[in-house]
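# Architecture at a glance
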Amino acid sequence: MQTRPYRASPGLRIAVLVACVAITACSTIRSGSHYDETADFSAYSSWSWIADDPYIPANGPMASPLSHQKIRDAIREQLLVKGYTYSPDRDQADFVVSYSIGSREKLRVSSYPVGYRGPWGWHVYGSRYYIHEYDAHSYTEGTLAVDIFDRKSRKPVWHGWAGKTITASDRKDPSDVIKRGVARLFETFPRSSEYLDADF
């Protein structure tokens, strides 16, 4: 007896696709930035924190002191990678840095058609009807933002952000998502002119 290969129904295939997209979206870090077109970034080579505590409170979660330290370490690391030197004396730095944390509770609703062959209604024999089933769940969208100010003029010159759906593993140990988020956030930040001129 010859067995026929199993073929998933169109509704099942679409449902699986929706689930895969949702899972991918949860693990993706989104980011963006904008800057002051009049700022001369080539004149920058050193930086410092805007204050002893560079965190700017926002409508966000209560992060632990350890998480704040990890955020600051990640920012310091990314600026070092870009070629900027940290100055403990902010009055001698070319620019200063602050950061903020935000979060929003969101509701994701997914709708997908499920194949339904029914005896009711006007239809051509053998045709297939589709109904919709809905799947809804709430989630937390977390955002980390970094602002950079020209130290002399005290004007903002660059803003970058990174956001991600917060998972249970992120809450348990945020170390990895913090490091990846800050790296993604600084992707568009220009490198120091001294770094570009260096002879490696």
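Quantities reported herein were computed from a predicted structural model and do not represent experimental measurements. (Residues numbered from 1 in each chain as written. Predicted model: local features only at pLDDT ≥ 70, side-chain atom pairs only at ≥ 80, totals over all residues. Heavy atoms only, no water.)

## Digging into the packing of aromatic side chains
This model, assessed by the stated rule, comprises 13 aromatic pairs. Summarising the aromatic geometry, the rings of Phe 41 and Phe 189 are spaced 6.1 Å apart at their centres and angled 90 degrees between planes, so their arrangement reads as edge-to-face. In this pair, Phe 41 is assigned in the loop between strand 1 (30-35) and strand 2 (46-49) and Phe 189 in the loop between helix 4 (175-185) and helix 5 (193-197), connecting sequence segments 148 residues apart. The pair formed by Phe 41 and Phe 189 is uniform in burial state, with each residue classed as buried. Seen in terms of ring centroids, Tyr 55 and Tyr 99 are 5.5 Å apart; in terms of plane orientation they differ by 45 degrees. Their pairing is tilted. Of this pair, Tyr 55 sits in the loop between strand 2 and helix 2 (65-81) while Tyr 99 is found in strand 4 (residues 95-116), placing the two residues 44 residues apart along the sequence. (Phe/Tyr/Trp six-rings, centres within 6.5 Å; stacked < 30°, edge-to-face > 60°. Helix = DSSP H or I, 4+ residues; strand = E, 2+ residues; numbered from the N terminus. Buried < 20%, exposed > 50% of the residue type's maximum accessible area, 1.4 Å probe, protein only.)

## Focus on the side chain of Glu 141
Along the chain, Glu 141 turns up in strand 5 (residues 129-150). By relative accessible area, which is 10% here, Glu 141 ends up buried. Of the polar contacts made by the side chain of Glu 141, one reaches the side chain of Thr 165; its length is 3.5 Å. (Polar contact = N/O pair within 3.5 Å; in protein donor to acceptor, adjacent residues only side chain to side chain.)

## Topic: unusual backbone geometry
One non-glycine residue, Arg 154, lies in positive phi territory at about 65 degrees. Mapped onto the elements of the fold, Arg 154 is located in the loop between strand 5 and strand 6 (156-165). Judged by its relative accessible area of 73%, Arg 154 is exposed.

## As for the nonpolar core
Counting residues in hydrophobic clusters, the biggest one holds 27 residues, and the most contacted among them are Ile 75, Leu 79, Phe 95, Val 97, Ile 148, Phe 186 and Phe 189. Among the secondary structure elements, those contributing two or more residues to this core are strand 2, helix 2, strand 4, strand 5, strand 6 and helix 4. (Core = buried A, V, L, I, M, F, W, Y, C linked by side-chain atoms within 4.5 Å.)

## Things to note about the environment of Ala 183
As for its placement among the helices and strands, Ala 183 is situated in helix 4. With relative accessibility at 27%, the residue Ala 183 sits in the partly exposed group.

## Regarding helix 4
Listed as buried for helix 4 are Val 177, Ile 178, Gly 181, Val 182 and Leu 185. All buried residues of helix 4 lie within an arc of 125 degrees about the axis, which places them on one face of the element. (Arc of directions from axis to C-beta.)

## Overview of the confidence of the model for the protein chain
Residues of the protein chain with pLDDT of at least 70 account for 62%, and the chain-wide mean is 76. Across the protein chain, the secondary-structure element scoring lowest on mean pLDDT is helix 1 (residues 10-27), at 42, and the one scoring highest is strand 3 (residues 85-86), at 98. Taken together, the stretch residues 111-125 has pLDDT below 50 and engages in 34 contacts with residues farther than four places along the chain or on a different chain. When the criterion is pLDDT under 50, residues 127-132 qualifies, and its contacts beyond four places in sequence or with other chains add up to 22 contacts. (pLDDT = per-residue confidence, 0-100. Contact = heavy atoms within 4.5 Å.)

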